[in-house]
Amino acid sequence: MRKIVLILLALLTLCSCQKNHYSARITDLRLVSVEPGNAYPGDLVTIFGWNFSPVQEENAVSVDGVPATVLEAASSRIQIILPANEPGKRRIKVKSPSGESDDLEITYLARPEHDYLVSTIVGQQGQRKCVDGVGTEALTYMPTGISKAPDGTLWFTDRGGNKLRRIAPDMTVSSEMDVAIANAALWQGCFDGNGNYWCNDKANGILYRYEPSSGKTVTVATGMKSPMNVVMDSEGNFLVPARDEKCIYKFTPSGEKSVFAEVAEGPSFIAIDPKGNVISATHNGYCLLSINPVNKSKTVILGDGEKGSALYNGVAGNPLTAKINSCHGIDFDSKGRMYISDATFHAIRLLTPDKNGDYSKGKLETILGGVKGYTDGSGLKVKFNEPAGVLVYDDETLYVCDVQNCLIRKVTVR
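These numbers were taken from a predicted model, which means no experiment stands behind them.

Novice: Sorry if this is basic, but what is going on with the state of the cysteines here?
Specialist: Here a disulfide denotes one covalent bond, and it connects the sulfur atoms of two cysteines. Under the definition given, this model contains 0 disulfides. The cysteine Cys 247 is free of any disulfide, with Cys 287 supplying the nearest cysteine sulfur at 17 Å. In this structure Cys 247 comes out as buried when scored by relative accessible area, which is 6%. There is no disulfide at Cys 287, and the cysteine sulfur nearest it, in Cys 327, is 11 Å away.

Shown next, in the form of structure tokens:
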């Protein structure tokens, strides 16, 4: 019995010591996170942590040694005005009566040349239905891709609802093609020279051609594994990235099929740049590739090939140091600048080539978003939820499919 009592006393003493040690530990200052993680000088930034002083003046914050103005303080958060610093990763240091720490980093972004203003033109946030109507009275299920028709109207694929839908100049939304197949997943497409729309059913591996003049839907090909989008090349052929087959197929207008190129990382989206090269996003390569259409040689133009947990634009002038994850939207403006939707980081990014037209030596910027959610507005204050298709309608207007928010968003460039 005496032995049992001694053991119990020892356990109680150990627990008491551990409790005292824990109490002492949690009174120290700790930095947990910063929001947003990417910002411009002058932006409001919130630092989250433990044991800040609730007295504003007792908290000193600096970023890479540059003092920041503290606006508000509580025991678990501090709000600051981000001080001036050059673009790149910078270390945050907080000093309070409870201690000091520099365990956080924030990424400074270069301010873009233009302002980008975002508004919602179709749908209501989170209302996942296919309902025709005008403007935001119309509802979408999961808009994936958006295209400009020969007559200037907008057409978008609505996954889940599995319909091809049209937005008229007066913002009337109507449903055109309806894919009545179980478990269908209608993905992004394009128009051909005759005004027909080509698109894929990703889930069932089908390539369709929809003819608006007759309302007829033609099955062009079957049996592909996860065909993502469709683009038309300069010769009128159609290229389809089959993600799970790790290749890009080429189809002639009559439907003859051949392999255009193999992509070991799994092509998740393709676009054709102004020089005729095929730009391919990758499923698990964490980069963008440029594929020469003649010799099929591949060059990495963006991304370091490593999966990233945070948005990072890389070292200035070297996009190969940047982080890029799931990309399902790429388009180009008249100057050859590449707009990229990044679903993982909920952002729209802009890759400007260097003076020789080389994207791999250009400049990558995050121009919109970077935080999951839903907010209209401008720049990094905008929030998306897995953006996919992006369309450069003209140099002053973009459109974005905000998939998980169930919206079509308009971007005005100023």
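Novice: How should the sheet that holds strand S30 (residues 347-352) be read in this particular structure?
Specialist: Either a parallel or an antiparallel arrangement is found when strands of a sheet pair, and the pairing is made through backbone hydrogen bonds. What the 4 strands build is an open sheet, ordered S28-S29-S30-S31; its pairing is antiparallel. Edge positions in the open sheet fall to strand S28 (327-332) and strand S31 (363-369), since each of these has one partner strand only. Averaged over all pairs of adjacent strands, the angle between their axes in this sheet comes to 25 degrees, without regard to strand direction. Bridge analysis of strand S29 (residues 338-342) against S30 gives 5 bridges, and the strand direction is antiparallel. For Met 338, the partnering residue across the bridge sits in S30 and is Leu 351.

Novice: I tried to follow the nonpolar core on my own but got confused; where do I start?
Specialist: What tends to happen in soluble globular proteins is that the nonpolar side chains get buried as a cluster. Grouped together as the largest cluster of nonpolar side chains are 19 residues, with contacts concentrated most on Ile 47, Val 61, Ile 80, Leu 82, Ile 92, Val 94 and Ile 106. If you list the elements that add at least two residues to this core, you get strand S1 (30-35), strand S3 (44-50), strand S4 (60-63), strand S7 (77-81), strand S8 (88-96) and strand S9 (99-108). Of the residues forming this core, the biggest block, 3 residues, is contributed by S9. Residues Ile 301, Ala 322, Cys 327 and Leu 364 belong to the second largest nonpolar core, which totals 17 residues.

Novice: Can you help me understand the packing of aromatic side chains in this one?
Specialist: A ring pair, where both rings are aromatic, is described by two values, the distance of the centres and the angle of the planes. Scanning the model with the defined rule gives 7 aromatic pairs in all. Seen from their ring centres, Trp 155 and Tyr 210 are 6.4 Å apart, and the 50 degrees between their planes marks the pair as tilted. Separated by 55 residues along the polypeptide, Trp 155 in strand S13 (residues 154-159) and Tyr 210 in strand S18 (residues 206-211) bring together distant segments of the chain. The exposure class of Trp 155 is buried, given its relative accessible area of 5%. The aromatic ring of Tyr 249 is capped on one face by Lys 257, whose charged end is 4.1 Å from the ring centroid.

Novice: Sorry if this is basic, but what is going on with the pattern of salt bridges here?
Specialist: Note on pairing: side chains with opposite charge can pair once their charged atoms come close. For the coordinates displayed, the defined rule picks out 16 salt bridges. Salt-bridge contacts for Asp 132 lead to Arg 165; the nearest nitrogen and oxygen are separated by 3.0 Å. Taken as a pair, Asp 132 in the loop between strand S10 (116-122) and strand S11 (133-134) and Arg 165 in strand S14 (residues 163-167) lie far apart in primary sequence, 33 residues in all. Taking the shortest distance from any N to any O, the salt bridge between Arg 349 and Asp 342 comes out at 3.0 Å. A relative accessible area of 0% places Asp 342 in the buried class. Residues joined by salt bridges that share partners form a network here, namely Glu 113, Asp 333 and Arg 337.

Novice: Could you clarify how one ought to interpret the sheet that holds S7 in this entry?
Specialist: Read across the sheet, 4 strands follow the order S1-S3-S7-S6 without closing on themselves; strand pairing throughout is antiparallel. Of all the strands in the sheet, the pair left with one neighbour each is S1 and strand S6 (69-74). Adjacent strand axes in the sheet meet at a mean angle of 25 degrees when their direction is disregarded. Bridge analysis of S6 against S7 gives 5 bridges, and the strand direction is antiparallel. Its bridge partner being in S7, Val 70 is matched across the sheet by Ile 80.

Novice: Whenever I open this one, the pairing of strand S34 (residues 397-402) confuses me. Can you help?
Specialist: Note on strand geometry: in a regular strand, side chains alternate between the two faces of the sheet. Counting buried residues in S34 gives 6 out of 6 residues, a clear majority hidden from the surface. In S34, alternate side chains face the same way, and those of Thr 397, Tyr 399 and Cys 401 on one face and Leu 398, Val 400 and Asp 402 on the other are all buried. As defined by bridge partners, strand S33 (residues 387-394) adjoins S34 across 5 bridges and the pair is classed as antiparallel. Residue pairing for S34: Val 392 is matched across the bridge by Leu 398. Once S33 ends, the chain turns through 2 residues before running back antiparallel as S34. The sheet contact formed by S34 and strand S35 (residues 407-413) spans 6 bridges and is antiparallel.

What counts and how
Residues numbered from 1 in each chain as written. Predicted model: local features only at pLDDT ≥ 70, side-chain atom pairs only at ≥ 80, totals over all residues. Heavy atoms only, no water. Disulfide = S-S within 2.5 Å. Buried < 20%, exposed > 50% of the residue type's maximum accessible area, 1.4 Å probe, protein only. Pairing = 2+ DSSP bridges. Helix = DSSP H or I, 4+ residues; strand = E, 2+ residues; numbered from the N terminus. Axes fitted to C-alpha atoms, helices over the stretch in contact; angles between N-to-C directions. Core = buried A, V, L, I, M, F, W, Y, C linked by side-chain atoms within 4.5 Å. Phe/Tyr/Trp six-rings, centres within 6.5 Å; stacked < 30°, edge-to-face > 60°. Lys NZ or Arg CZ within 6 Å of the ring centre and 35° of its normal. Salt bridge = Lys/Arg side-chain N within 4 Å of Asp/Glu carboxyl O.

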